[in-house]
Amino acid sequence: MRIIDHVIAGGAGGTSARTGDVFDPNTGQVQARVNLGTQATLDAAIAAAQAAQPAWAATNPQRRARVMFQFKALVEAHIDELAHLLSSEHGKVIADSKGDIQRGLEVIEFACGIPHVLKGEYTQGAGPGIDVYSMRQPLGIGAGITPFNFPAMIPLWMSGVAIACGNAFLLKPSERDPSVPVRLAELMLEAGLPEGILQVVHGDKEMVDAILDHPAISAVSFVGSSDIAHYVYRRGVAAGKRVQAMGGAKNHGIVMPDADLDQVVNDLTGAAFGSAGERCMALPVVVPVGEKTADALREKLLPAIAALRIGVSTDNDAHYGPVVNAAHQQRVENWIQTGVDEGAELVVDGRGFKLQGHEQGFFIGPSLFDHVTPDMQAYKEEIFGPVLQIVRAPDFETALRLPSEHQYGNGVAIFTRNGHAAREFAARVNVGMVGINVPIPVPVAYHSFGGWKRSAFGDTNQHGMEGVRFWTKVKTITQRWPDGGVGDAANAFVIPTMG
């Protein structure tokens, strides 16, 4: 049985009697075990980080950027290996795994420009003979706690910017699919990163709490469910840390009567069912405006859903693969039953799907609900599976209110040919990321990622300049160089704002 261990400088940290099972979602079989760390594991990693970080922070930004360039080249050279490893533990198809890695690499590309974004600001002549300048300096040691659904992208989002800014970084990936984060850390070392700057520690809640409580860790970034995000935020802030905690989502797609329904259906099948719906930026709710639009959309969705191919993650013709484990499979099927019990019309039922030859795999067929209403729990909560819900809206204002009043506010999309409607919707909707004829509006790496309401806790987003601000602290220097001698009254100090 393969054992997945920590990546800690010096290999220290003691041993743990606890391990976690890592499944192959395609077969339902345990394929590896991951060592779950202890407080001693974390202490060893922090000691190594404290020893290495000052020299890394003193390394000029150009040299730090060169490590990022080399790392990017290594990941690209190993992308097939990484994608197959990712798919074997997560279950998403190879094309989705490569997309997972590529979106993470885009943040590494942004981090390659770190010499430019760390330049700081300068004001000459803020007062008589007085100049003021600011610099961004690393926090010291940061930590990332990442979810199972993007085991490459989200660790790269966090670690790339944090490390490029001069910090040491401790990564606690999901214990469900930990191999790719370990491999990425190995490639970062191969790229020239000093030992101790990026380390991987495995664990469950015990390790999460240890990270949140440890006084040497200055900042924590988290992505996961909203309840856990809120917990991480509160506990981390109480311990004096800077915390960004991204939570769940229930993203809506508004379909106006003038939308191109063929394009909408094509977008929806990918956005709702791709990666088996295990994405916080999936589109699980579609809101057609008007009964005519709703009926036409439903009619077009049925054959598109019927044409979806569910297969093992290595099936190049599969649209999506299994979910991550049996517990999650059961959770999704329970939510489908909840929708039925609440009175929604289950038009397509994906429960009980079995893939020939892989009957023990964690597969779920696509499900479609119609006549879902905002008072239903199945609408209010995140299902995180291949389930699409139709919520009919009589007019634009009702459609606008649905995502605006929902407890989550991660992403939303509107499909229309009407520029005025799109502009009005984007300006007024109470959601953090908006797509206009774009079903999954994940921003490019040099912008920032972050939702509103219960989708995010903290006031700083992921990656882009928001990421740089999160992983650095500003120091401002006010200086003067007097012209006269000591005691010259003409050179008396004057506060710039009083000059």
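Just so it is clear, the structure is predicted and the values come from calculations on it, not from any experiment.

Q: Lay out the overall build of the protein in plain terms, naming residues and giving numbers.
A: Along its length, the protein carries 16 helices and 21 strands. In terms of overall size, the protein behaves like a compact globule, its C-alpha atoms giving a radius of gyration of 25 Å where 499 residues would be expected to give roughly 23 Å. Considering only C-alpha atoms, the protein reaches an extent of 85 × 60 × 40 Å along its principal axes. Put simply, the protein has 499 residues, and 57% of those count as buried. Taking contacts inside the protein between residues at least 6 apart in sequence as the whole, the part at least 24 apart equals 74%.

Q: Quick rundown of the environment of Gly144? Include the residues and the values.
A: Turning to its location among the elements, Gly144 is positioned in strand 6 (residues 141-145). Classification of Gly144 by relative accessible area gives buried; the value is 0%. Along the chain, Gly144 and Val232 lie 88 residues apart, while their C-alpha atoms are 11 Å from each other. With residues near it in sequence (within four places) discarded, Gly144 still touches Met158, Phe169, Leu170, Leu171, Lys172 and Ser221.

Q: Explain the environment of Met246 to me, and be specific about the residues and the numbers.
A: Secondary-structure assignment places Met246 in strand 10 (residues 242-246). The spacing of Met246 and Gly99 is 147 residues in sequence and 21 Å in space, taken between C-alpha atoms. With near-sequence residues (within four places) excluded, Met246 lies in contact with Phe222, Val223, Gly224, Ala229, Phe449, Gly450, Ser455, Ala456, Thr460, Asn461 and Gln462.

Q: How would you explain the sheet that holds strand 5 (residues 130-138) if you had to name every residue and give the values?
A: Across the sheet, which stays open at both edges, the three strands sit in the order 4-5-21 with antiparallel pairing between neighbours. Of all the strands in the sheet, the pair left with one neighbour each is strand 4 (121-127) and strand 21 (472-480). Within this sheet the neighbouring strands show an average axis-to-axis angle of 25°, counted without direction. Sheet analysis places strand 4 next to strand 5, joined by four bridges and oriented antiparallel. Along strand 5, the bridge assignment pairs Tyr122 with Tyr133.

The rules we used
- Residues numbered from 1 in each chain as written.
- Predicted model: local features only at pLDDT ≥ 70, side-chain atom pairs only at ≥ 80, totals over all residues.
- Heavy atoms only, no water.
- Helix = DSSP H or I, 4+ residues; strand = E, 2+ residues; numbered from the N terminus.
- Rg over C-alpha atoms; globule rule 2.2 N^0.38 Å.
- Buried < 20%, exposed > 50% of the residue type's maximum accessible area, 1.4 Å probe, protein only.
- Contact = heavy atoms within 4.5 Å.
- Pairing = 2+ DSSP bridges.
- Axes fitted to C-alpha atoms, helices over the stretch in contact; angles between N-to-C directions.

Purely spatial values, then, with no claim about function.
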